[in-house]
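Structural characterization, general
What follows is each chain in one-letter form.
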Amino acid sequence: MKVIKFGGSSLATGPQLAKVLDIIAADPTRRVVVVSAPGKRFKGDIKVTDLLGQLAQAVIAGADVTASVDAIIARYADITADFGMPDTIVGHLRQHLLQMTRQSYLNLDYLTATFMAQGEFMNARLVAAVMRHRGVNARFVDPKALGMVVSGRPRAANIAPDSYARIAEFNLAPDETIIVPGFFAYDRAGHIATFARGGSDITGSILARGLGAELYENFTDVSSVYAADPRIVAHPRAIKTLTYREMRELAYAGFTVFNDEAIIPMSQANIPVNVKNTNEPAARGTIIAPTKNVNHHHHITGVAAKHNFVALYLHRYLINAQVGFTLRLLRIFEQYGVSYEHMPSGIDDLTVIIDKAQLGAGIKEALTDDITRKLHPDHLEWLDDIAILMVVGEGLYAKPTIIAQIMGCLADIGIAPSILNQGASRISLMLGVPADRAADAVRAIYALSETHPHP
Ligand code: ASP
């Protein structure tokens, strides 16, 4: 049995949904289908999830929601019209959404999460109805009925580990296909919570693990994972296979084709993932698999740049000799609900790299005050506009001179990384570079990777 997930662009219009239905029908083992909300139809279009975010804002503001609800429902109506279906299903969806605007919620975060989840909820209902209309034995199944329980923040929830045992008990009737909405589940109190954005991949991954699927197929709108972002490097190398941890590092650093958190259940259960293209289903796509099953032809598998970081640089003599210095620093971060991405350190220095999204109004100033008062650094400085470059490859360790070559090729174009960090796993190298030079750095390192095929 395979779990198969379709992203928003694969479900954005009637013709796209028609391709999806053909793909499902082409393989009878594709029995568990996870769907995203309808995505962008063209450049500049707005995803249904974002329209729902706007609707949530309107509800919070107490504004009139009719136009907003109608705009969302029109996206679904367009799709059903293409399949010659009666208006009843769209009418039900409209009632459902209006009903949501009248409910009360625990707090604004739960309210927003509940609205944003409706894109997937309504789409799974619609896809199941379209399939039944075409004579397929398809059934909508809610995450609750599968035993998925989440905890943590309402808009960045995590799966509760005991969910897997319940999912394994789920009874999939012979010859039926189930359609499950991605992106959200319920917490123990029954409130809707969503995963992080792009989280339908996570639902698919959780179900593949829980149900013991032989393969998790993730259909999107590109034919492969590429060694570099095609918007930065023209015609980059397509990666045929890569390991879970390589994908996780690259996904974290901006390869949005597969969600970084979605790798975790797959690597825990050793289930391969096949990233494929709805618009070119015959192409083999990219396989993400355990390390032992992957043969690399390049030392550098991929290079990615991630923007929107700041670094806090602290200097104080003898940091290395002070028991608990980092602990006290992290306590201050904890107090403001800030987590860090990387923390390279030396005997007298420490740099903490933080995602800018975490620094709401006034937090940077408050952190500066607290740290100055409690830790007395000799020097404290915020480095703004840093991009993080991740150079990833299981083959990196086999070529000890690669770091020198990377630094050399960056020096050739006048880039001196302010931070360099190699993880203990030795499959990735993190470099902090000025944000406005990140694309140049990616191009240079990609060019280097092409001159280094594995022996
Ligand atoms: N619809 C959600 C989002 O836009 C989840 C997903 O598409 O995976 O983030």
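Everything here concerns the structure above.
Here's what I pulled together on the structure shown here. (Residues numbered from 1 in each chain as written. Predicted model: local features only at pLDDT ≥ 70, side-chain atom pairs only at ≥ 80, totals over all residues. Heavy atoms only, no water.)

Looking at the overall build of the protein chain
Looking only at helices and strands, the protein chain features 13 helices and 19 strands. In terms of overall dimensions, the protein chain is globule-like: its C-alpha atoms have a radius of gyration of 24 Å, near the 23 Å expected for 455 residues. Projected onto its principal axes, the C-alpha positions of the protein chain cover 70 × 55 × 40 Å. For the protein chain, buried positions account for 53% of its 455 residues. A separation threshold of at least 6 residues defines the contact pool for the protein chain, and within that pool the share at least 24 residues apart is 75%. With an accessible surface of roughly 19,700 Å², the protein chain has 53% of that area assigned to carbon and sulfur atoms. (Helix = DSSP H or I, 4+ residues; strand = E, 2+ residues; numbered from the N terminus. Rg over C-alpha atoms; globule rule 2.2 N^0.38 Å. Buried < 20%, exposed > 50% of the residue type's maximum accessible area, 1.4 Å probe, protein only. Contact = heavy atoms within 4.5 Å. Areas by Shrake-Rupley, 256 points an atom, 1.4 Å probe, with all protein chains shown as cover.)

So, the site of the ligand
Around the ligand sit Ser36, Lys47, Thr49, Glu120, Phe183, Arg197, Gly198, Gly199 and Ser200, and those are all the residues in its vicinity. Arg197 is positioned such that a nitrogen or oxygen atom in its side chain is 2.7 Å from an oxygen atom of the ligand. Ser200 is positioned such that a nitrogen or oxygen atom in its backbone is 3.0 Å from an oxygen atom of the ligand. Here the ligand loses 94% of its free accessible area of 260 Å² to cover by the protein chains. Of the residues that constitute the shell around the ligand, the class distribution is one nonpolar, five polar and three charged. (Near = heavy atom within 4 Å. Polar contact = N/O pair within 3.5 Å; in protein donor to acceptor, adjacent residues only side chain to side chain. Nonpolar A, V, L, I, M, F, W, Y, C, P; charged D, E, K, R; others polar.)

Some points on the pairing of strand 19 (residues 428-434)
The two faces of the sheet receive side chains in turn, since in a regular strand these alternate between them. The element strand 19 is extensively covered by neighbouring structure, given that six of its seven residues are classed as buried. For strand 18 (residues 419-422) and strand 19, the ladder comprises four bridges, and the chain directions are antiparallel. Residue pairing for strand 19: Leu420 is matched across the bridge by Leu431. From the end of strand 18 to the start of strand 19, which pair antiparallel, there are five residues, and Arg426 there has a positive phi angle of about 60°. (Pairing = 2+ DSSP bridges.)

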